[in-house]
Amino acid sequence: MKKLALLTLILVSNLAIAQPIKLSKDNIREVIAAMTLEEKATLVTGASRYGNGNAPIVGQSSVLVQGAAGTSYAFDRLGIPAFVMADGPAGLRISPTRNDQTNTFYCTGFPVATVMASSWNTTLVEQVGKAVGQEVKEYGVDILLAPAINLHRSLLCGRNFEYYSEDPVVTGKIAAAMINGVESNNVGTSLKHFAFNNQETNRNNVNAIISPRAARELYLKGFEIAVKESQPWTIMSSYNRINGSHTSESRDLITTILRNEWGFEGMVMTDWNGGKDASAMMKAGNDLLMPGNPAQSQAIINVVKAGTLDESYLDACVYRVLEIVTKSLRFNGTSYSNKPDLNAHAQVARNAATEGMILLKNDNDALPLAKAKLALFGVGSYDFIAGGTGSGDVNKAYVVSPVEGLANNGFTINEKLKNAYTKDLEAQKAKNQASGKRYQLLGGGFRPSERIVAKNEISAAARNSSAAIITISRQAGEGADRKAIEGDFYLTASEKALINDVTAAFKAKGKKSIVVLNIGGPVETFSWKEVPDAILLAWQCGQEGGNAISDILCGAISPSGKLTSTFPIDIMDIGASANFPNNYIASREARTEPLKDVDYVTYAEDIFVGYRFFDKFEKSVSYPFGYGLSYTTFKYSNAKVSKEGFKYMVTVDVKNVGKAAGKEVVKAYVSAPESITMNKPVKELKAFAKTNTLQPGQSQTITMQFDSYDIASYDEDRVAWVTDSGDYKLLIAASSDDIQCQLTFRVPAEITYPTHKVLLQQ
Ligand code: BGC
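So, a few notes on the structure that sits alongside this text. From a predicted model like this one, the values you see are computed outputs, not experimental measurements.

Each value, and the rule that gives it
Note that residues are indexed from 1 along each chain, following the sequence as it is written. Side-chain atom pairs in this predicted model are given and counted only at pLDDT of 80 or more, local residue features only at pLDDT of at least 70, and totals for whole chains, interfaces and linings cover all residues. Side-chain numbers come from the whole structure's heavy atoms, not from hydrogens or water. Secondary structure follows DSSP: runs of H or I at least 4 residues long count as helices, runs of E at least 2 residues long count as strands, and numbering of each begins at the N terminus. What the globule rule says is 2.2 Å times the number of residues to the power 0.38, and the radius of gyration is computed from C-alpha atoms. Note that accessible areas follow from Shrake-Rupley with a 1.4 Å probe, and for residues the cover is restricted to the protein chains shown. The charge count includes Lys and Arg as positive and Asp and Glu as negative, but it does not include His or the ends of the chains. Just so you know, the charge point we use is NZ for Lys, CZ for Arg, CG for Asp and CD for Glu. One heavy atom within 4 Å of a molecule or strand is enough for the residue carrying it to be called near that molecule or strand. Distance and chemistry together define a polar contact, namely a pair of N or O atoms within 3.5 Å, with one atom able to donate a hydrogen and the other to accept it when in protein, and with adjacent residues in sequence counting only for side-chain atoms on both sides. Ten residues, namely Ala, Val, Leu, Ile, Met, Phe, Trp, Tyr, Cys and Pro, are considered nonpolar, four, namely Asp, Glu, Lys and Arg, are considered charged, and the remaining ones, Gly among them, are considered polar. Pairing between two strands requires that DSSP report at least two bridges joining them. Here an angle of 0 to 180 degrees is reported between the N-to-C directions of two axes, which are lines fitted to C-alpha atoms, with helices fitted over the stretch in contact. Only heavy atoms matter for contacts: two residues are in contact if any of them lie within 4.5 Å across the pair. Here the expected length of a helix is defined as 1.5 Å per residue gap, with one fewer gap than residues. Between buried and exposed lies partly exposed: a residue is buried under 20% and exposed over 50% of the maximum accessible area for its type, with that area taken using a 1.4 Å probe on protein chains only. The arc in question is the one traced by the directions running from the helix axis out to the C-beta atoms. Definitions used throughout: a 1 Å grid over protein atoms alone; a cavity as a set of points that fits a 1.4 Å probe which cannot get out; a pocket as an open set with protein on both sides within 12 Å along at least five of seven lines; a lining residue as one with an atom within 4 Å of a point. Grid points are joined across faces, edges and corners, and a volume is the space filled by probe spheres set on the points. The source of the domain bounds is an automatic or database domain assignment.

Focus: the overall build of the chain
Helix and strand counts for the chain come out as 19 helices and 28 strands. Over its C-alpha trace the chain gives a radius of gyration of 27 Å, about what one expects of a compact globule, namely 27 Å for 762 residues. With the C-alpha coordinates aligned to their principal axes, the bounding extent of the chain is approximately 115 × 70 × 55 Å. On the chain, roughly 28800 Å² of surface is accessible, and the fraction owed to carbon and sulfur atoms is 50%. For the chain, the centre of its 79 positive side-chain charges and the centre of its 78 negative side-chain charges are spaced 4 Å apart.

Okay, here's the thing in structure tokens:
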């Protein structure tokens with residue numbers, strides 16, 4: 001008996017000193033088996049808030065990489081290091097300085113997402129992705145919390161600048177290119193915000209009420225394309241609700257559609273403090289709750305112990321978190337330099353900016369400009385807005401303003417005007433600092449107001465300069481939507497007066513005036529666009545903005561960007577405007593009844609978003625989807641469509657028939673046959689491609705492709721995607737209202753693709 005007791009003691013003590021299992025790529029299940037419930041419940045909540053001594057402010061995580069948005073938990077016992085997540089779409093967002101160091105940690109401020117999409121150039125977007133991903137890796141970050149691909153349902157969504165388009169095909173293809181570029185550095189992305197996060201007003205709770213058809217054909221389609229074409233490491237669920245449930249708690253969305261139907265293999269995390277019920281989020285298949293807090297871990301422990309959450313759900317989440325751990329830099333012992341190639345990336349940012357800019361108007365070849373003396377009006381000419389505010393704002397080392405960019409590129413600047421603007425800006429900044437009002441917008445800095453220019457100053461400038469540039473700027477960002485008011489969607493009376501007065505004074509001297517729009521999303525243009533000679537939509541095109549603008553203005557590069565969202569004549573022309581908080585101002589009073597467009601928003605326009613709406617209801621627009629001028633012209637010819645199995649191949653020859661070198665974006669729209677059961681859009685974009693730079697006289701054969709599934713509509717009654725039989729029109733177009741060639745093809749027999757019956761209204 002004594003001997004047995006001794007043996008037991010020896011065995012037990014041996015077990016106690018036996019090395020616990022350490023995580024490797026092929027023992028994840030064994031590691032999970034060795035984890036306690038507490039460890040599992042901790043791993044699926046992020047460590048950003050209270051764990052590991054992090055500061056409790058989003059974006060201020062001080063562990064591992066300062067200024068990152070968060071980290072996961074580390075468990076030394078099991079060989080599990082933490083991984084680091086940082087924003088965001090226009091470049092990496094970390095703190096540029098650190099308390100203990102003199103080195104700086106600036107990142108490149110690339111053009112905002114809408115500019116990237118406006119290039120319609122997936123190769124270029126992939127190059128940008130590669131450069132961003134290099135910064136992610138070299139600064140020791142594992143996952144870039146981008147790209148963000150919510151659809152531009154209303155142009156007033158405050159975060160549209162972080163998103164790509166009103167169309168899901170452009171959205172999905174551009175996102176896939178960005179993800180592939182970033183992830184080629186062996187770091188991850190987080191495709192966000194999944195899904196229906198189309199407004200910032202009450203973003204944590206607003207219930208998006210939407211038909212399964214609109215959900216599938218529009219709001220989920222971009223995610224579906226991106227997942228299938230790039231398989232991102234992670235996806236971030238959104239804050240809002242969808243037909244009653246928080247997206248992070250929707251098993252329909254995260255498991256049935258995302259994983260089972262589309263084959264997503266990665267990890268899903270919540271948006272920061274998204275969702276309500278930790279157990280429901282685990283059950284839904286949402287693997288990591290960010291930024292995480294101990295109460296969530298405790299809630300998970302409680303429900304597992306109470307038997308209301310089967311531990312197998314939790315284990316599935318832990319598995320997917322650990323898979324990400326095994327890909328991470330610290331797990332793999334990958335060293336990083338803290339010295340990405342910022343000079344090379346500045347050039348990438350400049351190229352991307354020039355390619356995403358859109359020439360909206362160019363009467364009598366007002367542009368390009370001869371390198372003479374320019375008079376720059378508008379505060380944005382001197383204080384350029386590189387991007388939007390909030391988590392998508394990058395801590396960049398500098399922003400090149402138009403005045404600097406034009407001077408760098410050999411233009412002479414009207415110094416008198418420059419001095420007047422600079423003095424005014426400095427006075428405003430000093431006043432602002434003195435009043436302690438450092439932040440006017442969430443995450444943003446001081447924004448100067450427009451300077452009133454006296455008429456005699458304008459006429460003096462018209463006498464002394466050879467052309468005028470008038471920059472109109474806007475900024476929006478996370479946490480608030482834009483408003484249909486002057487100073488936001490509408491130009492202010494003083495901005496309009498500036499455009500009128502400057503153009504009149506310069507015209508009187510036989511000189512041109514060019515408006516540069518430094519904006520993140522459409523503004524009203526219809527009422528004033530006839531006034532100036534040219535309008536360049538420069539967007540918020542990143543830290544190299546001024547240099548890129550000068551590349552276009554001087555004609556070194558022909559503009560080749562095209563709109564990825566329509567510029568309407570007026571705000572109420574947009575289908576979604578009837579159900580959007582166009583001018584909502586939050587009140588502190590508790591609501592007794594749910595408030596329309598704030599507590600819930602009905603997507604009553606259904607599948608008719610963007611050009612689909614304007615086409616269907618034959619409404620005129622200010623500038624259509626796909627629009628954009630060039631310094632040259634292109635001729636399309638020899639369009640053909642052929643079929644191989646379920647694939648359609650479209651080819652067309654594009655010839656530069658103008659006098660300057662340039663690139664053209666070619667779009668393929670499909671118009672489905674009439675259906676008695678489903679209301680079909682007039683046409684839908686199915687593929688696009690961009691030419692190389694074509695010299696005058698040069699041609700290129702463009703190839704585009706799509707397949708039968710891509711031209712299906714979602715039939716709610718049959719719970720299936722259905723490609724109707726019949727004759728389809730194929731429209732090869734320069735923009736949605738500029739069809740260059742029309743072909744037809746026939747689908748001989750109906751094809752159906754069954755899905756699950758999900759996302760129904762509750
Ligand atoms: C934003 C996300 C962002 C996260 C982390 C949230 O408020 O909605 O887009 O990635 O914060 O900063």
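A closer look at the site of the ligand
Residues in close proximity to the ligand total 14 residues, the closest being D87, R159, H193, D271 and E478. In the environment of the ligand, an oxygen atom lies 2.9 Å from a nitrogen or oxygen atom belonging to the side chain of K192. Between D271 and the ligand, the recorded distance is 2.6 Å, taken from a side-chain N or O atom to an oxygen atom. A total of 310 Å² of accessible area belongs to the ligand in isolation, and the protein chains cover 97% of it. Split by residue class, the shell around the ligand holds 6 nonpolar, 2 polar and 6 charged.

Quick look at the pairing of strand β20 (residues 647-656)
Taken together, the 9 bridges between strand β19 (residues 634-644) and β20 define a ladder with antiparallel strand orientation. Within β20, the residue paired with K635 across the bridge is K655. The hairpin formed by β19 and β20 contains 2 residues between the paired strands, and G645 there has a positive phi angle of roughly 60°. The pairing of β20 with strand β23 (residues 699-707) spans 9 bridges and is classified as antiparallel. Along β23, the bridge assignment pairs K647 with D707.

Points about the sheet that holds strand β28 (residues 751-754)
On the basis of which strands lie adjacent, the open sheet formed by 3 strands has the order β24-β25-β28 and antiparallel pairing. Edge positions in the sheet fall to β24 (713-715) and β28, since each has one partner strand and no second. Across the sheet, the mean angle separating the axes of adjacent strands is 30° when strand polarity is ignored. Sheet topology note: the β24/strand β25 (residues 720-723) ladder contains 3 bridges and is antiparallel. Among the inter-strand pairings, S713 is bridged to a residue of β25, identified as V722. Its contacts with the sheet put helix α7 (residues 212-219) on β24 and β25, and the angle it makes with β24 is roughly 160°.

Digging into helix α15 (residues 415-434)
Taking 1.5 Å per residue as the helical rise, α15 with its 20 residues ought to reach 28 Å, and the 28 Å between its terminal C-alpha atoms agrees with that figure. Looking only at α15, the buried set comprises L417, Y421, L425, Q428 and N432. Take α15 and look down its axis: the buried residues cluster within an arc of 65°, on one side only. Summarising the geometry of α15, the exposed residues directed more than 90 degrees from the buried face are K416, K423, E426, K431, Q433 and A434. Check the buried side of α15 and you find it contacts β11 (373-377), α16 (455-464) and α17 (493-508). At the N-terminal end of α15, a side-chain oxygen is found 3.2 Å from the backbone nitrogen of K416, two or three residues along, and the residue is N414.

Observations concerning the layout of surface pockets
The space that makes up the second largest pocket amounts to roughly 780 Å³. Along the wall of the second largest pocket there are 40 residues; nearest its centre are V169, K173, I225, E229 and Q705. Only α5 (122-138), α6 (168-183), α8 (221-230), β22 (684-690) and β23 provide two or more residues apiece to the lining of the second largest pocket. Looking at the lining of the second largest pocket residue by residue, the classes come out as 16 nonpolar, 8 polar and 16 charged. Viewed by domain, the lining of the second largest pocket spans two of them, domain 2 (37-327) and domain 4 (632-754), each represented by three or more residues.

A word on the sheet that holds strand β9 (residues 267-269)
Ordered in space as β1-β2-β3-β4-β6-β9, the 6 strands form an open sheet in which the pairing is mixed. Each of the sheet's edge strands pairs with one partner strand only, and the pair in question is β1 (70-71) and β9. Both strand β2 (residues 84-86) and strand β3 (residues 143-144) contribute to a ladder of 2 bridges, which runs parallel. Residue pairing in the sheet places M85 in a bridge with I143 of β3. Most of the contacts of α6 go to strand β4 (residues 188-194), to which it runs at about 150°, and overall it touches β3 and β4. Along the sheet, helix α9 (residues 251-261) makes contact with β4, β6 (234-237) and β9, crossing β9 at roughly 150°.

Description of empty space enclosed by the protein
Taken as a whole and judged by the stated rule, the model has 7 cavities of 30 Å³ or more. By volume, the largest cavity amounts to about 100 Å³. Around the largest cavity sit 15 residues that line it, and Q475, A476, R482, G520 and G521 are the ones nearest its centre. Of the residues contributing to the lining of the largest cavity, the split by class is 5 nonpolar, 6 polar and 4 charged. Two domains each provide a minimum of three residues to the lining of the largest cavity, namely domain 2 (37-327) and domain 3 (353-565).

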